[in-house]
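Chain and residue survey
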Amino acid sequence: MPVARPEPQEPRVIAHLDLDCFYVQVEQRRNPALRGQPTAVVQYNDWKGGGLIAVSYEARKFGVKRSMRGDEAKHVCPGINLVQVPVSRDKADLNVYRSAGSEVVAILSTKGKCERASIDEVYLDLTDAAKEMLSESPPESSEFIFEEATKSNILDLTSDASDREENVKAWLCRADADYQDKLLACGAIIVAQLRVKVLEETQFTCSAGIAHNKMLAKLVSGMHKPAQQTVVPSSSVQDFLASLPVKKMKQLGGKLGSSLQDDLGVETVGDLLGFTEEKLQEYYGVNTGTWLWKTARGISGEEVEDRLLPKSHGCGKTFPGPKALKTNTAVKSWLDKLCEELSERIQSDLNCNKRVAQTLTLHARASKENECNSVKKFPSKSCPLRYGTGKIQEDAMKLFESGLHDFWGYRNTGWSITSLSVTASKIFDIPSGTNSILRYIKGPSSGASSTIVDPSSTPDLTPFVGNVTQTDIAHVHEEQCQPSSSIKEDCDNSSLAKQCGATEEKGVSKKLSKAQESGSILKFLSQSQSAFHEKRNFDGLICSNQGHESSSGASEAGQHGKTNINTAGDHSAGNTWMLNVEDIDPDVVGELPLEIQREIQGWIRPSKHASTKKRGSTISSYFSPSRR
DNA sequence: ACGGATGGCACG
DNA sequence: TCGTGCCAT
């Protein structure tokens, strides 16, 4: 249920940007012959022509809709081009679209707080940028207004086609406008500039809404599509909402919206004004009641989050009807594929963004054979996430078995699985200070590269390290996760590549020596080698490196065609080493430099309250098994 | 044979 | 906290 947020007193300038039929645009960029053609993107072509997930505007004219089957689309629009979503491991692979989305986010995140709302949607808080423009180069005293901005749709600004742009320009430059409206005008200009920049740099068009809050911005971003923007002056909100069907509001497209209609006779947002806040709370609870009351008045305090990356990664597949999985073997086989992809994606997230996921969750849908449709839900199950494809597969299968156990009780026959998915969540940044321990462990690209290989500026850990042997290193390498090639270029393609840092490769011998050093450090931190192999769940991560030679000779770096740059983004050379937090020897850590101790605390993270209160505040207290 | 694959959020 | 919904595209 939605919940109201406190309303900031200062007026804000919020934008919502939405890529137009995004998947189609991605395919059109890849194959320009598709431009201007009726086109749709489909997945799984075998059954009724596959399901449409994006439809070009040319095709929409024929009545082609999302959720149609390919066959239906062909029927209403015989000339339509159907492009298939890439398939990898026998399932749809959306990585090309994710990557393309990141390109856009990179551009949009330059002007203010930016929230990646989905693969093709972004919220911006442009308040500061708008204020700056207003004080330094206000539209009203500018000779030229950015042309794309003059094509804006201003809610309530009625004008016929002939003088529309003149009227818009006049509105944008109005000297007698509210402070609020002036800010909005600046916001509109900034968004127009951003949209043009996105188009220039990615060839993608997008639509946008500019308003004083997220709700209104989102509401209108889709009003004029494609490739247009819409502004909501606060003076127009009341009338606009009055006649708006409740179902159009975000969050009201489902059951809550239906309930408003069916139970309260509320057809439009305006109808909601007839209810007091208390009355709405009576029906829907305090939170939702207040939210509804505010929503009816165009009030929304929800802030734009500063987040460019997703909060979770999920891989799933459905097995409709006859495709349902009925054996453990079939489930295992599919789960393995899903986990492979998931592993690749979190590995990429780690390499590119220095983030680690902590929780693995399995979702499934199941139906029982004979026994009359007992629609019992298959329970989701989760556990701490251990890195490494094999471990994820192993854990996922266990989660499945656990779920199946609950699903069935004890009798174990005749189930069938109609969907499976695995999700990695609770993702955190890995701290990386200048004096980070990662400098000891990672390759040259981790910090100041020169100091890494310069012993004089690198604190000497020798006293703590003890014997370094090849077996230590081999042991560490066992824990490596090698991403496959399919998302190898993720970092390079996405703007996020910058975060990977770019460095020239150092000599192999130096890297080897770094590897030895890091292996020894891991060994040094590790209390018991055998613990690595126990079935316990992974509860922490020591490091990722970017730039070491892989131990296997099968490095594909050469195929990359890029020498010399961004070894960090080159997955083929990136290894990740992991160590179970439970295996870190607290006594030994206690002797490390303080800064490093603090950093290690950061890895153990669960921060908030988890361990500190229960177990005191010394670092060693973090290393007793924290869960399970 | 539910459009499918992903995501986010609030609740209990 | 985890698991369940609901919502969105």
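Residues numbered from 1 in each chain as written. Chains lettered and ligands numbered in written order. Predicted model: local features only at pLDDT ≥ 70, side-chain atom pairs only at ≥ 80, totals over all residues. Heavy atoms only, no water.

A look at helix H14 (residues 389–408)
The end-to-end C-alpha distance of H14, which contains 20 residues, comes to 28 Å, matching closely the 28 Å that a straight helix rising 1.5 Å per residue would cover. For H14, the elements touching its buried residues are helix H13 (328–353), strand S13 (355–368), strand S14 (381–384) and strand S15 (415–429). Just beyond H14, the residue with positive phi is Gly409, at close to 85 degrees. (Helix = DSSP H or I, 4+ residues; strand = E, 2+ residues; numbered from the N terminus. Expected span 1.5 Å × (residues − 1). Contact = heavy atoms within 4.5 Å.)

Quick look at the sheet that holds strand S10 (residues 206–211)
Overall, mixed pairing links the six strands, which are arranged S7-S8-S1-S10-S11-S9 in an open sheet. Here the strands that pair on one side only, and so sit at the sheet edges, are strand S7 (113–118) and strand S9 (153–154). Direction of pairing for S7 relative to strand S8 (residues 121–125): antiparallel, over a ladder of five bridges. Of the residues in S8, the one forming a bridge with Glu115 is Tyr123. Seen against the sheet, helix H8 (residues 179–202) touches strand S1 (14–19), S8, S10 and strand S11 (229–231) and runs at an angle of roughly 165 degrees to S10. (Pairing = 2+ DSSP bridges. Axes fitted to C-alpha atoms, helices over the stretch in contact; angles between N-to-C directions.)

Some remarks on the nonpolar core
Burial of nonpolar side chains together is a common tendency in soluble globular proteins. In terms of nonpolar packing, the biggest core is built from 52 residues, with Leu17, Leu108, Leu124, Leu172, Phe204 and Ile210 touching the most fellow members. Those elements that place two or more of their residues in this core are S1, helix H1 (22–30), helix H4 (95–108), S8, helix H5 (127–136), helix H7 (164–173), H8 and S10. If you tally residues by element for this core, the top one is H8, at eleven residues. Counting only domains with at least three residues in this core, you end up with domain 1 (1–18 + 92–308) and domain 2 (19–91). Sequence-distant contacts of Ile210, that is, excluding residues within four places in its chain, are made with Val13, Ile14, Ala15, Leu184, Gly187, Ala188, Val191, Val220, Gln229, Thr230, Val231 and Val232. In terms of nonpolar packing, the next biggest core, distinct from the first, is built from 36 residues, Trp334, Phe378, Leu385 and Ile427 among them. (Core = buried A, V, L, I, M, F, W, Y, C linked by side-chain atoms within 4.5 Å. Buried < 20%, exposed > 50% of the residue type's maximum accessible area, 1.4 Å probe, protein only. Domains from an automatic or database assignment.)

Examining the environment of Ile80
As for its placement among the helices and strands, Ile80 is situated in the loop between helix H3 (70–76) and strand S4 (81–84). Separated by 41 residues in the primary sequence, Ile80 and Thr39 have C-alpha atoms spaced 5.3 Å apart. In contact with Ile80, not counting residues within four places along its chain, are Pro38, Thr39, Ala40, Ala59, Val64, Ala73 and Lys74.

Comments concerning the pattern of salt bridges
Any two side chains of opposite charge can pair if their charged atoms end up close together. On inspection of all chains with the given rule, the structure shows 26 salt bridges. Residue Glu103 pairs with Arg29 through a salt bridge whose shortest N-O separation is 2.9 Å. Linking Glu103 in helix H4 with Arg29 in helix H1, this pair joins segments that are 74 residues apart in sequence. Judged by relative accessible area, which is 18%, Glu103 ranks as buried. A relative accessible area of 25% places Arg29 in the partly exposed class. A salt bridge links Glu115 to Lys214; its shortest N-O distance comes to 2.9 Å. One end of the pair, Glu115, is in strand S7; the other, Lys214, is in helix H9 (residues 214–221), and 99 residues separate them in sequence. Taken together, the salt bridges that share partners define one network made up of Arg89, Glu340 and Glu344. (Salt bridge = Lys/Arg side-chain N within 4 Å of Asp/Glu carboxyl O.)

Side note on the packing of aromatic side chains
Aromatic rings in a pair are described by how distant their centres are and how their planes are angled relative to each other. The tally for this structure, following the rule as stated, stands at eight aromatic pairs. For the ring pair Phe378 and Phe400, a centre distance of 5.6 Å and an interplane angle of 15 degrees mean the geometry is stacked. You can see Phe378 sitting in the loop between S13 and S14 and its partner Phe400 sitting in helix H14, a full 22 residues away along the chain. In this structure Phe378 comes out as buried when scored by relative accessible area, which is 8%. Among the residues examined, Phe400 registers a relative accessible area of 0% and is labelled buried. On the basis of an interplanar angle of 35 degrees and a centroid distance of 5.5 Å, the ring pair of Phe378 and Phe407 is categorised as tilted. You can see Phe378 sitting in the loop between S13 and S14 and its partner Phe407 sitting in helix H14, a full 29 residues away along the chain. As far as burial versus exposure is concerned, Phe378 and Phe407 are alike and both buried. (Phe/Tyr/Trp six-rings, centres within 6.5 Å; stacked < 30°, edge-to-face > 60°.)

Keep in mind that these numbers describe shape and distance, not what the molecule does.
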